[in-house]
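# Descriptive structure summary
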Amino acid sequence: MASTGDPSAVVVPRNFRLLEELERGEKGIGDGSVSYGMDDADDIYMRSWTGTIIGPHNTVHEGRIYQLKLFCDKDYPDRPPTVKFHSRINMTCVNPENGLVDQRKFNLLSNWRREYTMESILTQLKKEMAASYNRKLVQSPEGTFF
């Protein structure tokens, strides 16, 4: 197996890692306000995923359900997945034209580490929704999509 420089560290192969994430996503995460799963159970490469975030309390996002697409290319988890909101949202790290999360403006993606997961991304995006610079931004009507 490949090593990360630390002779005692073992690098988990991509598909095993994604199977672990799938199992965790299916069990439900924390308070249930973020979830994720595979788009197509027949995709043996486990590339295309759907995420859901329920907007945080005391923000313009409260009670809204946001759908996202996550695409894990062949180099995941060494490189971050592509993350795109399907539900229309106004956030500083999201391209207003196509819903793509800008890796340069979203710290978790710009400083990606192999141990980060899709759960990490969704949880951090929910925190971003509650940040002072996003929590009161005017939003499109609920139920609109990119």
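Cut-offs used in this document
- Residues numbered from 1 in each chain as written.
- Predicted model: local features only at pLDDT ≥ 70, side-chain atom pairs only at ≥ 80, totals over all residues.
- Heavy atoms only, no water.
- Patch = residues over 30% accessible without salt bridge, like charges linked within 9 Å, V, L, I, M, F, W, Y side chains within 5 Å.
- Areas by Shrake-Rupley, 256 points an atom, 1.4 Å probe, with all protein chains shown as cover.
- Salt bridge = Lys/Arg side-chain N within 4 Å of Asp/Glu carboxyl O.
- Helix = DSSP H or I, 4+ residues; strand = E, 2+ residues; numbered from the N terminus.
- UniProt positions renumbered as here; feature names shortened; annotations may be inferred.
- Disulfide = S-S within 2.5 Å.
- Buried < 20%, exposed > 50% of the residue type's maximum accessible area, 1.4 Å probe, protein only.
- Expected span 1.5 Å × (residues − 1).
- Contact = heavy atoms within 4.5 Å.
- Polar contact = N/O pair within 3.5 Å; in protein donor to acceptor, adjacent residues only side chain to side chain.
- Core = buried A, V, L, I, M, F, W, Y, C linked by side-chain atoms within 4.5 Å.

### Side note on a nonpolar patch on the surface
- A cluster of nonpolar residues, V12, F16 and L19, forms a patch on the protein surface that exposes about 260 Å² of accessible area.
- Along the chain, L19 turns up in helix α1 (residues 14–27).

### Here's the deal with the UniProt feature "domain: UBC core" (unreviewed entry) in the protein chain
- The UniProt record marks residues 13–146 with the feature "domain: UBC core" (unreviewed entry), using the residue numbering of this structure.
- Secondary structure across residues 13–146 comprises 23% helix and 17% strand; the distance between its end C-alpha atoms is 33 Å.

### Considerations on the state of the cysteines
- Within this structure, the stated rule accounts for zero disulfides.
- Sulfur of C72: no disulfide; nearest cysteine sulfur belongs to C93 and is 18 Å away.
- For C72, a relative accessible area of 0% gives the class buried.

### Things to note about helix α3 (residues 118–130)
- Taking 1.5 Å per residue as the helical rise, α3 with its 13 residues ought to reach 18 Å, and the 19 Å between its terminal C-alpha atoms agrees with that figure.
- Of all the positions in α3, only M118, E119, I121, L122, L125, K126, E128 and M129 are classed as buried.
- Taken together, the buried residues of α3 touch α1, β1 (34–38), β2 (48–54), β3 (65–71), β4 (82–85) and α2 (107–110).
- The opening residue of α3 is T117, an N-cap whose side-chain oxygen sits 3.3 Å from the backbone nitrogen of E119.

### Some words on the side chain of Q139
- When you line up the elements, Q139 lands in the segment after α3.
- Here the side chain of Q139 touches N90 through a polar contact of 2.8 Å, landing on its backbone nitrogen.
- At 3.1 Å, the side chain of Q139 and the backbone oxygen of L137 are in polar contact.
- Discounting residues that sit within four places of it in the chain, Q139 has contacts with V60, H61, R64, Y66, I89 and N90.

### Regarding the nonpolar core
- Counting 30 residues, the largest nonpolar core has W49, F85, V101, I121 and L125 as its most contacted members.
- Setting aside residues up to four positions removed in sequence, V101 forms contacts with V83, K84, F85, C93, V94, F106, L109 and L125.

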